[in-house]
Protein chains: 2
Amino acid sequence: MNLPSGDLFEGFSDFQSQCLAALIEEVDVKKGEWLFREGAPADRLYCVKQGAVELLTRIDDRIELPITILRPEEGFFGTSSLVAPFIYSLSARSFKDSHLLGIKQSRLMEQMKQDPEMGFIIMSNLSKTFLDRLKETRQEVKIHFKTLFKVMRY
Amino acid sequence: MNLPSGDLFEGFSDFQSQCLAALIEEVDVKKGEWLFREGAPADRLYCVKQGAVELLTRIDDRIELPITILRPEEGFFGTSSLVAPFIYSLSARSFKDSHLLGIKQSRLMEQMKQDPEMGFIIMSNLSKTFLDRLKETRQEVKIHFKTLFKVMRY
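Residues numbered from 1 in each chain as written. Chains lettered and ligands numbered in written order. Predicted model: local features only at pLDDT ≥ 70, side-chain atom pairs only at ≥ 80, totals over all residues. Heavy atoms only, no water.

Trainee: Talk me through the overall build of chain A; I want residue IDs and the actual numbers.
Mentor: The number of helices and strands found in chain A is three helices and eight strands. The order of helices and strands in chain A, counted from the N terminus, is α-β-β-β-β-β-β-β-β-α-α. The principal-axis extent of the C-alpha atoms belonging to chain A is close to 60 × 35 × 25 Å. In chain A, which comprises 154 residues, the share counted as buried stands at 48%. Intrachain contacts of chain A at a sequence separation of at least 6 include 75% that bridge at least 24 residues. On chain A, roughly 7900 Å² of surface is accessible, and the fraction owed to carbon and sulfur atoms is 51%. (Helix = DSSP H or I, 4+ residues; strand = E, 2+ residues; numbered from the N terminus. Buried < 20%, exposed > 50% of the residue type's maximum accessible area, 1.4 Å probe, protein only. Contact = heavy atoms within 4.5 Å. Areas by Shrake-Rupley, 256 points an atom, 1.4 Å probe, with all protein chains shown as cover.)

Trainee: An account of the pairing of strand β8 (residues 98–104) of chain A is needed here, citing residue identities and associated values.
Mentor: All names here are of chain A. Counting buried residues in β8 gives six out of seven residues, a clear majority hidden from the surface. Of the strand pairs in this sheet, strand β1 (residues 24–29) and β8 are connected by six bridges, and their pairing is antiparallel. The partner of Ile24 across the bridge, within β8, is Ile103. In terms of strand pairing, strand β3 (residues 44–50) meets β8 through six bridges, oriented antiparallel. Opposite Cys47, over in β8, you have Leu101 as the bridge partner. (Pairing = 2+ DSSP bridges.)

Trainee: Explain the interface of chain B and chain A residue by residue, including any values.
Mentor: Every contact between the two is made by 40 residues of chain B and, on the other side, 40 residues of chain A. By the criterion of area lost to chain A, the three top residues of chain B are Phe120(B), Arg138(B) and Lys142(B), representing 17% of everything that side buries. In this assembly, chain B and chain A are joined by two salt bridges. For the salt bridge of Glu38(B) with Lys142(A), the shortest nitrogen-to-oxygen distance reads 3.3 Å. Across the contact surface, chain B and chain A share nine residue pairs in polar contact (both at pLDDT 80 or more). The set of elements that each furnish at least two residues to the side of chain B that touches chain A consists of β4 (53–58), α2 (105–114) and α3 (116–153) of chain B. Counting residues per element, the side of chain B that touches chain A draws most heavily on α3(B), at 24 residues. Here the residues of the side of chain B that touches chain A sort into 18 nonpolar, eight polar and 14 charged. (Buried area = accessible area lost by both parts, 1.4 Å probe. Salt bridge = Lys/Arg side-chain N within 4 Å of Asp/Glu carboxyl O. Polar contact = N/O pair within 3.5 Å; in protein donor to acceptor, adjacent residues only side chain to side chain. Nonpolar A, V, L, I, M, F, W, Y, C, P; charged D, E, K, R; others polar.)

Trainee: Give a description of the relation of the copies chain B and chain A that names residues and reports values.
Mentor: With an RMSD of 0.0 Å, chain B superimposes on chain A once it is rotated by 180° and translated 0.0 Å along the axis. What the superposition gives is, in effect, a two-fold axis relating one chain to the other. Most of the interface of chain B is mirrored in chain A, where 100% of its interface residues are also at the interface. (Least-squares fit on C-alpha atoms with pLDDT ≥ 70 in both.)

Shown next, in the form of structure tokens:
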């Protein structure tokens, strides 16, 4: 099986890639099916092999705000499964019938304990992913502030 | 010298703590002095030992938005020095005359290469820090959206 793309595992040796490949499971989901909900225990990360998955966040009881739609080769999601307290920070719903690759969090954590260099690589890539998202989200906040300043000026 | 608090180095062995302590430099800054500016190459991380440091982000050429004020025992800042492309994502200015502890990024990266388990610990803690900040910042965006929905409803 080909390894999933995405920069979470960038920098792996051939041996590390083989160890990772052994952890991968195939998952099929129907359109509209929830993979996980924000706030639930995070026990698995995924990437899209075929199809598309929508990530959303809850604004209140009625409104769920779409964050992004992930398609094949667009990297892993459910990555908060790798960070304490291991709770999903977003919800994920299949946008169409999809074929996914999944990795159980407990098995990957075990592998990283056995091979701390693998852990160092994954966690370095994960830090970069979260920092990039943080910068994008700060940018959104700035746009809101700029709009507010304009409104206040007039 | 006592090790700085903050969860970036939580989980270190005694030996790893000793290696870290050897990397720490003391830095004195006057009130109003810039430690670094958003967008500049990130070559050092810091924590406040005495005094206070303000973190800010640039909204536009004229407006700089305060993010937080860090006081002693409130952990490290300048942590984007540990993540490619090693560019500060915020600006830092001394809020009063302050005594800081600094660690050169290049020396810490070298140490992590030699001891990948140390790298695994630091990067796991850093991922958690960034994810926590991401969640807080998403919360701000949600508040803006909620306000917008209320305005649109009336």
